[in-house]
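Architecture and fold: a report
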Amino acid sequence: MAAHHFGGLFARPGGLGGELPEQAPQPGYFADLQLDLLVDAVVAEHEGPDLRPAFHARLDDPAAIERRQAVFTDLADDRLRSAVRAFRDGLGRCAGQFRAASRIRHEQRSQRWRLNAVATYVEVIDAVTVALEDAAPASAGMREWLAWLREYRADPDFAAMAAEARTLIAELGDLRYTLSISGDEITAGPPAGQDDLNAATVATFERFASGEVAGHDFDLRPGAEMDHLHQAVLDLLVRLFPEVFERAARFVGRHPTVRHPVIDGVERELRFALAWLDFIAPVRAAGLPFCFPEVGPGRRLEVVETFDVLLARTLVATGERPVTNDVALGRDELVLVVTGPNQGGKTTFARTIGQLYHLAALGLPVPGGFVALHPPDAILTHFERGDRPDELSSRLEDEVTRVAELLTEAGDRSLVILNEMFSSTTFVDARTMSSDVLRAVLDAGSAGVCVTFIDELSRLDPRVVSLVAGIDEQDATRRTFRVARGRADGEAHARALAAKYGLTQEQLRARIEAHA
Amino acid sequence: MRPGLLFADPREGSGAAAAGTERPAGAERVAEDLGLSVVIEAMADGDAVLAEAARTVLLSVPPHPAQVAHRQGVLADCLREPQLGRELYELAGRALDAESRAARAVFFDTPETLLNRSIVTLTSFVPLLRELRAVAERYRQRVTSAGLRQFFATVEGRLDEAYLNSVTELLGHLKLGGNLVVSARLGTGNQSAAFVIQRPQRQARGLFRRSPGAKQPSATYKVAYGDEAGHRALSSLRDQALAGLADAAVRSAQHVSSFFSALRFESAFYVGCLHLHRALTDRGAPVVLPVVHDPGSRHFTARGLYDPGLQLRLDQPAVANDVDAGGTSLIMVTGANRGGKSTFLRSVGLAELMAAAGMFVAATAFTTSARSGVHTHFTQDEDATLTSGKLDEELRRMSRLADVMGPHSLLLCNESFQSTNEREGSDIARHIVDALTAAGATVVFVTHLHELAQHCYDERDRYPALFLRAEPEAGGHRSYRLHEAPPEATSHGADLWHRAHHP
């Protein structure tokens, strides 16, 4: 129908890329960074076609990332977000109505479902256009879509279809009749105008009502035989009101399908966007920040208040919140070396940084108050896999092979994440080997995070930043802790404890006064 | 329609299930710490319904002082007319029994059976509503409280004979015969829906059947003889048609029944008060209706304040204390072990709970500002958590209290934060006490932490506080009475320790 070309919310005009891929393999670092678990959790709550490939493919062009970020910025508007949510849900309902129609054999019932499906589609298109006009979006993607929608709706074929669908639904809904059920007979006739016993009952006892009562939900699942009876009753009505049913039949015959391919494409993009926004919503509601990363061509890493988003989802569900971390690489700094006690949150921190690069390169709002980084050409990870049952010697051999391979791919736009290398060998050997690896990463000019129990690595080179993961002495079961340059400041024991429970003087006073 | 015996404004507290009484988090612990169960047992006198009502009212979020006055008025009427509360309680109980009898007779919840059950229930309610009106007419001139006068006026006005007759007439119409006439419209799948039962017109029915299509167009479908599926479907359609009416009837029965259950709950509370009143006065113990001022007004004065829970277990008079803590928001209690400190703490807590509930209190005189809640932080001797230390447990419990405490709440601390060394415990407790009193809360703190007590004493000009001390045994005699005195450095715990280890 509509003439002008529109490639999608994310696709840059002129074939410059940015669109969501239909197919994309899972990157090799997904399991190490637990991005596989994250993406599973994100798509778990959403129906429809598999969205995983959309979460697999990084963008490396800052302009394409920014086009997506602009769409997400528009979606920060509550009204616009609920409008596109309604758009997505409405299209799902429309598809369901077409499916229902094809399952039903009875003529007038099947036609009714087709009619409903067309009407739903028209409503969805109308509603989303109106909502977009109201919200006046700023992103190129949304504005181009709105322009396309205007043309599409103005098309005379679309307008005629919309009007007729609405009229037919209204006429069918307005039919009123009386059924008399007596013995084994049902008689349909015009409305009788007698007293309404339901209303009389409610009115008589209304004076006792002082709040909502439960009522009773009857379990009236209609069986297949019920379908048959409803059809018999409908046949009576077709005899009483033949004309409107005939018009409905002709209408659905003229409109076997309705959806435009552009609508399919946008729906998929919005499903992707909403899946992420819905996933982070409870975390955001708990007061944790999300931001659009500054992405530029120059190598950069500056992060304020970031956190592990998957862990945060689990924690906020039980009213807890994760610790957030700040980190920045100075001008001549390349690699973050993280040391600290076991269970101190080192690995979580390394994963969080890795995830941040990936999520930023998808154009998504990412966990953190401020994030600036470069879209990497490669994300290379090496995580100790403790669950391997192999012999120690072959395990080490396998590890050496993998690390050596990784180093050949590292360049000055790559991100390297190394977690507890060579733990299956002696300390002296591990120190020597790890130092070599770290030097190779530095020489390649890659940005990196290296989690290690070898303190010497943190003093290897001026380009290395030493970070220490803290541990809570009172409760070693807590899973996330702050990671900071140097050693954390030791607060007085009692005060630290009080702070942990929100009971310092300031905290407590604020909590009590909040209940005024 | 609400009895309104507990709440002057019937809208207040109509949210929660029984009669609108929300129980704050930690209420069970408060009950346990204060030994409330002894008081509740006396109120119940063996009746579980009375126990539940007493417990619910005493532990719910305290109402506004205006509601307290409302309840004190109703309570005064009930004390003057002891049979009144019992009559209301017993009548409401009969209504609820009739309802459960009707429920027991129904095994399948089809619309038709539930409609019939509701008709039976509502029919059995009619004479009881008439009886309630008789009670109202009998007592109306004999009560003076706004609560009861308003309730009786409502009953006489809204449950008049004409209304009760119209109820009986409607219930007659609801007994439908085999023929249904329903209005309907098309649902989203062209199936008939939105059924509304029409009042049967008995004379017209025969005519209608004999004249299909005579004046108005109509069409008839007949389920074939022997078509079992068709007959099942027809009875399902009847169910669908009746579901709306059955739902209206079920809801109606629930509305009336929730009126009776509110009446039973509210009258149960006053019957409980009568029982407790008799139990205490039979022992010669005094009770008094307290004076409750607005929240935040810092009133707190007591004469002859005793622990009713202790008194109910004793034959001689329980120890009583006088307190003049008006204008302060901290009472710091120090001194000897087994010197009556915990008993005092319980007497304060129970008096505040009972005053807030609108009851009399165990004292000869009692004046307080209204509290937004009574909270306890008592040391837990039996605590045996392995995963975290005892101090952790105390802090976690304190943090949970901070989740619910407001500026006008009362916190009773019994030897809190003594599970660590004195320095650390005092430090933590001091910050907590300072923060709470600064926020407007009132704290009564029983402690052996001398640094804490001394700190509060040194700061008494900036933060006014009352300091009470328990005396050790002297010459084989123990008074258990507290007296006003500054904290003392030596711990009387030492003598206990000494005795335990060097007998």
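Located above this text is the structure these notes cover.
Residues numbered from 1 in each chain as written. Chains lettered and ligands numbered in written order. Predicted model: local features only at pLDDT ≥ 70, side-chain atom pairs only at ≥ 80, totals over all residues. Heavy atoms only, no water.

Across all of its chains, the model carries 16 aromatic pairs over all chains by this definition. An aromatic cluster of at least three residues, connected via ring pairs, comprises Phe208(A), Phe125(B), Phe151(B), Phe152(B), Phe259(B) and Phe260(B). In this structure, Arg371(B) is placed above the aromatic ring of Phe300(B), and the distance from its NZ or CZ to the ring centre is 5.7 Å. If you follow Arg460(B) out to its NZ or CZ, it ends over the ring of Tyr457(B), 3.8 Å from the centre. (Phe/Tyr/Trp six-rings, centres within 6.5 Å; stacked < 30°, edge-to-face > 60°. Lys NZ or Arg CZ within 6 Å of the ring centre and 35° of its normal.)

All right, on to helix 12 (residues 309-317) of chain A then. Residues and elements named next belong to chain A. Considered for burial, the residues of helix 12 that qualify are Val309, Leu310, Leu311, Ala312, Leu315 and Val316. Where the residues of helix 12 are buried, they touch helix 1 (35-44), helix 11 (261-285), strand 3 (290-291), helix 13 (346-360) and strand 8 (366-367). For helix 12, the N-terminal capping position is held by Asp308, with its side-chain oxygen 3.0 Å away from the main-chain nitrogen of Leu310. At the C-terminal side of helix 12, Gly319 shows a positive phi close to 80 degrees. (Buried < 20%, exposed > 50% of the residue type's maximum accessible area, 1.4 Å probe, protein only. Helix = DSSP H or I, 4+ residues; strand = E, 2+ residues; numbered from the N terminus. Contact = heavy atoms within 4.5 Å. Polar contact = N/O pair within 3.5 Å; in protein donor to acceptor, adjacent residues only side chain to side chain.)

Among the nonpolar cores identified, the biggest contains 252 residues, and Phe55(A), Tyr121(A), Trp145(A), Trp276(A), Phe260(B) and Leu276(B) are the most heavily contacted of them. Counting residues per element, this core draws most heavily on helix 10 (residues 228-282) of chain B, at 24 residues. Not counting residues within four places of it along the chain, the set of residues in contact with Trp276(A) comprises Leu38(A), Val42(A), Phe55(A), Phe72(A), Val309(A), Leu359(A), Leu364(A) and Pro365(A). Membership of the second largest hydrophobic core comes to 32 residues, among which are Met398(B), Ala429(B), Val433(B) and Ala439(B). (Core = buried A, V, L, I, M, F, W, Y, C linked by side-chain atoms within 4.5 Å.)

The next thing to look at is empty space enclosed by the protein. Using a probe with the size of a water molecule, rolled over the atoms, empty space left in the structure can be pinpointed. Residue and element names in this part refer to chain B. Evaluation of the coordinates by the stated rule reveals nine cavities of 30 Å³ or more. By volume, the second largest cavity is sized at about 80 Å³. If you trace the second largest cavity, you find it lined by Ser329, Leu330, Val433, Asp434, Thr437, His455, Cys456, Glu459, Tyr463 and Pro464. Looking at the lining of the second largest cavity, the element that brings in the most residues is helix 14 (residues 422-438), giving three residues. Along the lines of polarity and charge, the residues of the lining of the second largest cavity split into five nonpolar, three polar and two charged. (1 Å grid on protein atoms, 1.4 Å probe; cavity = no way out; pocket = protein on both sides within 12 Å on 5 of 7 lines; lining within 4 Å. Points joined across faces, edges and corners; volume = space filled by probe spheres on them. Nonpolar A, V, L, I, M, F, W, Y, C, P; charged D, E, K, R; others polar.)

On to the sheet that holds strand 6 (residues 321-324) of chain B, then. All names here are of chain B. Read from one edge of the open sheet, four strands run 4-8-5-6, paired in mixed fashion. On the outer flanks of this sheet lie strand 4 (291-293) and strand 6, each paired with one strand and no other. Within the sheet, the average angular offset between the axes of one strand and its neighbour, ignoring direction, is 15 degrees. The sheet contact formed by strand 5 (residues 300-305) and strand 8 (residues 365-369) spans four bridges and is antiparallel. Counterpart to Arg303 in the pairing with strand 8 is Ala365. (Pairing = 2+ DSSP bridges. Axes fitted to C-alpha atoms, helices over the stretch in contact; angles between N-to-C directions.)

The next subject is unusual backbone geometry. The backbone of Glu305(A) sits at a positive phi, close to 55 degrees, despite the residue not being glycine. Position of Glu305(A) among the secondary structure elements: in strand 5 (residues 301-306). Relative accessible area serves as the criterion here: at 34%, Glu305(A) is assigned to the partly exposed category. Positive phi outside glycine occurs at Arg298(B), with the angle close to 60 degrees. For Arg298(B), the location among the structural elements is in the loop between strand 4 and strand 5. Judged by its relative accessible area of 36%, Arg298(B) is partly exposed.

Bringing the pairing of strand 10 (residues 410-414) of chain B into the picture now. It is a general feature of regular strands that their side chains alternate between the two faces of the sheet. Residues and elements named next belong to chain B. Summarising burial for strand 10: five of the five residues are buried, a large majority. Burial along strand 10 is two-sided: Leu410, Leu412 and Asn414 and Leu411 and Cys413, pointing in opposite directions, are all buried. Pairing between strand 10 and strand 11 (residues 442-446): five bridges, direction parallel. Across the sheet, Cys413 pairs through a bridge with Phe445, a residue of strand 11.

What follows deals with the interface of chain A and chain B. Residue-level contacts link 75 residues of chain A with 96 residues of chain B. Buried surface at the junction of chain A and chain B, both sides included, amounts to about 8200 Å², of which 60% is carbon and sulfur. Close ionic contact of Asp184(A) with Lys222(B) constitutes a salt bridge, the shortest N to O distance being 3.1 Å. Applying the counting criterion to the chain A and chain B interface returns 30 residue pairs in polar contact (both at pLDDT 80 or more). When residues of the side of chain A that touches chain B are traced back to their parent elements, those giving at least two are helix 5 (107-135), helix 7 (156-174), strand 1 (176-182), strand 2 (185-189), helix 8 (197-205), helix 9 (224-240), helix 16 (493-500) and helix 17 (505-513) of chain A. Looking at the side of chain A that touches chain B, the element that brings in the most residues is helix 9 of chain A, giving twelve residues. When grouped by side-chain class, the residues that make up the side of chain A that touches chain B number 36 nonpolar, 23 polar and 16 charged. (Buried area = accessible area lost by both parts, 1.4 Å probe. Salt bridge = Lys/Arg side-chain N within 4 Å of Asp/Glu carboxyl O.)

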